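Overview (structure and organization)
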Amino acid sequence: MDEKLYDVVIIGGGPAGYTSAIYSSRALLNVLVIESYILLSQLSLTDAIENYPGYKDGINGLELLTNVKDQAEKFGAKIIQANVSSVLEEKNKSNTKTIFEIHTDDNQIFKGKSVIIATGAKARKLGVPGEQEYTAKGVSYCAICDGPFFRNKHVAVVGGGDTAIQEALFLSKFAAKVTVIHRRDKLRAQKILQQKAFNNEKINFIWNSKIEQIIGENSVKKLNIKNIETNQKKYLDIDGLFIFIGFTPNTQYIADLVQSNAEGYIETDEYMHTDVKGVFAAGDVRANTYRQIAIAVGDGAKAALSCEKYLEHELI
Ligand code: NAP
């Protein structure tokens, strides 16, 4: 057990968490950041970010994340890798003092006067036969990690949002052909991404369709696809399948402590307060937010400032 009582324990090593760490450690608070060794920040899996201010030619996600992490460390934040399993709230007898105990799945315990939750969200699963069996054998949730394995191959992408289209564009740099399979006849993605995809000769679309089964031998070989308008089924030969159908929040470890919505996203006010005093949430883990890096960074700054105020007035 780490006996030190940190002013703030930040759970999550993405743009929200590290921005909180920069602000809090620069305000001379004792800061511990616990980043997961299992769940990588979505930012680190993104190839080119074109809409983050200050980088007019775009920046690679891992590079941006490394920069903010280094900046947090420079101001004195302590960063460790662990997987948080629960957060417990302890009050003293007179109910005036709150300490949070943060437990990890390798039996470490950390103590904090306050907690900032910034654990983001992870890729949603399709839930069809073959998905689990062929994960890492042709089925992937990360184009930047696995795209280069599909040089001159045919890959399919499922989804119609920003992630699916952005990653289809990325995959077209390697693959000979990229087939986007979408359950409707319109994309949800931003128009600028749509335009790029429609103009890309390597990218084609299968509309109004869903994947019923992923079929392979040692690795993925084909998809069984059903047109949901006509109910017609067909097989599509492919070498890889990339699934980008949205996210679910990483909040299982905190679900008993703070209020979250039906999907598990944490409810906060505009100052990033949760319903538990001393616990704040920032970034993609929050309910009702735009899932954007710039927003996560803003949330992280707000959470840190609110946390600083909380610690000033706390009766310790
Ligand atoms: P999203 O916007 O929720 O889109 C998910 C897509 O997957 C939708 O097209 C949805 O279809 C489809 N889908 C959902 N469940 C499905 C299922 N079971 N089977 C088949 N298709 C399914 O998720 P996202 O694209 O990952 O984006 C998440 C957030 O990050 C968004 O707020 C987005 O704007 C943001 N983001 C921004 C950028 C950027 O600014 N460059 C890049 C990436 C992500 P329907 O359309 O029919 O609902």
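The coordinates are above.
Let us look at the structure shown here. Just so it is clear, the model here is predicted, and its values are computed rather than measured.

A short note on the overall build of the chain
- Looking only at helices and strands, one finds six helices and 19 strands in the chain.
- A compact globule built from 316 residues should have a C-alpha radius of gyration of about 20 Å, and the chain, at 21 Å, falls within 12% of that.
- Each of the three principal axes of the chain carries a C-alpha extent, and together these read 70 × 40 × 30 Å.
- Here the analysis covers contacts within the chain between residues at least 6 apart in sequence; of these, 59% occur between residues at least 24 apart.

A closer look at the pairing of strand E3 (residues 31–35)
- The element E3 is extensively covered by neighbouring structure, given that five of its five residues are classed as buried.
- Here four bridges tie strand E2 (residues 8–11) to E3, and the two strands are oriented parallel to one another. Paired with Val9 across the two strands is Leu32, which belongs to E3.
- Between the parallel pair E2 and E3, the chain is carried across by helix H1 (residues 15–26), and the sense of this crossover is right-handed.
- In terms of strand pairing, E3 meets strand E4 (residues 78–81) through four bridges, oriented parallel. Each bridged residue has a counterpart across the sheet, and for Glu35 the counterpart in E4 is Gln81.
- In this view, the connection linking E3 to its parallel neighbour E4 by way of helix H2 (residues 61–74) has right-handed handedness.

Brief notes about the sheet that holds strand E17 (residues 240–243)
- The five strands lie next to each other as E10-E17-E11-E12-E13, forming an open sheet whose pairing is parallel. Single-partner strands in this sheet number two, and they are strand E10 (139–140) and strand E13 (203–206).
- Where strand E11 (residues 154–158) lies against strand E12 (residues 177–181), five bridges are found, and the strand directions are parallel. Among the inter-strand pairings, Ala156 is bridged to a residue of E12, identified as Thr179.
- Sitting on the sheet, helix H4 (residues 162–171) touches E11, E12, E13 and E17, and the angle it makes with E11 is about 170 degrees.

Details of the state of the cysteines
- Applying the stated criterion across every chain yields a total of one disulfide.
- Two residues, Cys142 and Cys145, share a disulfide whose sulfurs are 2.0 Å apart. With the S-S dihedral at roughly 75 degrees, the linkage between Cys142 and Cys145 falls on the right-handed side.

Notes on H1
- An ideal rise of 1.5 Å per residue puts 16 Å on 12 residues; H1 measures up with 16 Å between its terminal C-alpha atoms.
- Counting buried residues in H1 gives 10 out of 12 residues, a clear majority hidden from the surface.
- Among the residues making up H1, those that are buried are Pro15, Ala16, Gly17, Tyr18, Thr19, Ser20, Ala21, Ile22, Ser24 and Ser25.
- Those residues of H1 that are buried lie in contact with E2, E3, H2, E4, strand E8 (115–117) and helix H6 (293–313).
- Two residues or fewer past H1, Leu28 is found with a positive phi of approximately 65 degrees.

Topic: the sheet that holds E2
- The sheet built from five strands is open, its strands ordered E4-E3-E2-E8-E19 with parallel pairing. Edge positions in the sheet fall to E4 and strand E19 (279–281), since each has one partner strand and no second. The mean angle between the axes of side-by-side strands here comes to 20 degrees, regardless of whether they run parallel or antiparallel.
- Across the face of the sheet, H6 comes into contact with E2, E8 and E19 while running at roughly 170 degrees to E19.

Description of the pairing of strand E15 (residues 220–227)
- Bridge count for strand E14 (residues 209–216) against E15 is seven bridges, and the pairing is antiparallel. Among the inter-strand pairings, Ile211 is bridged to a residue of E15, identified as Ile225.
- Counted along the chain from E14 to the antiparallel partner E15, the turn is three residues long.
- As paired strands, E15 and strand E16 (residues 233–237) are joined by five bridges and run antiparallel to one another. Bridging across to E16, Lys226 finds its partner in Lys233.
- Taking the residues between adjacent antiparallel strands as the criterion, E15 and E16 are bridged by five residues, where Asn231 takes a positive phi near 65 degrees.

Concerning the environment of His103
- Looking at the element boundaries, His103 is found in strand E6 (residues 98–104).
- The spatial distance from the C-alpha of His103 to the C-alpha of Arg188 is 39 Å, given a sequence separation of 85 residues.
- The contacts of His103, once residues within four sequence positions are left out, are Asn83, Val84, Ser85, Ser86, Leu88, Gln108 and Ile109.

Things to note about the site of the ligand
- The full set close to the ligand counts 20 residues, and Asn51, Asp162, Thr163, Arg184 and Arg188 are the nearest of them.
- The separation between an oxygen atom of the ligand and a polar side-chain atom of Asn51 is 2.9 Å.
- Within the side chain of Gln166, one N or O atom sits 2.9 Å away from a nitrogen atom of the ligand.
- Calculation on the ligand without its partners gives an accessible area of 920 Å², and the protein chains cover 77% of this total.
- Here the shell around the ligand takes three residues from H4, the largest share from any one element.
- Along the lines of polarity and charge, the residues of the shell around the ligand split into four nonpolar, 10 polar and six charged.

Rules behind the numbers
- Residues numbered from 1 in each chain as written.
- Predicted model: local features only at pLDDT ≥ 70, side-chain atom pairs only at ≥ 80, totals over all residues.
- Heavy atoms only, no water.
- Helix = DSSP H or I, 4+ residues; strand = E, 2+ residues; numbered from the N terminus.
- Rg over C-alpha atoms; globule rule 2.2 N^0.38 Å.
- Contact = heavy atoms within 4.5 Å.
- Buried < 20%, exposed > 50% of the residue type's maximum accessible area, 1.4 Å probe, protein only.
- Pairing = 2+ DSSP bridges.
- Right-handed = clockwise from strand over helix to strand, strands pointing away.
- Axes fitted to C-alpha atoms, helices over the stretch in contact; angles between N-to-C directions.
- Disulfide = S-S within 2.5 Å.
- Expected span 1.5 Å × (residues − 1).
- Near = heavy atom within 4 Å.
- Polar contact = N/O pair within 3.5 Å; in protein donor to acceptor, adjacent residues only side chain to side chain.
- Areas by Shrake-Rupley, 256 points an atom, 1.4 Å probe, with all protein chains shown as cover.
- Nonpolar A, V, L, I, M, F, W, Y, C, P; charged D, E, K, R; others polar.

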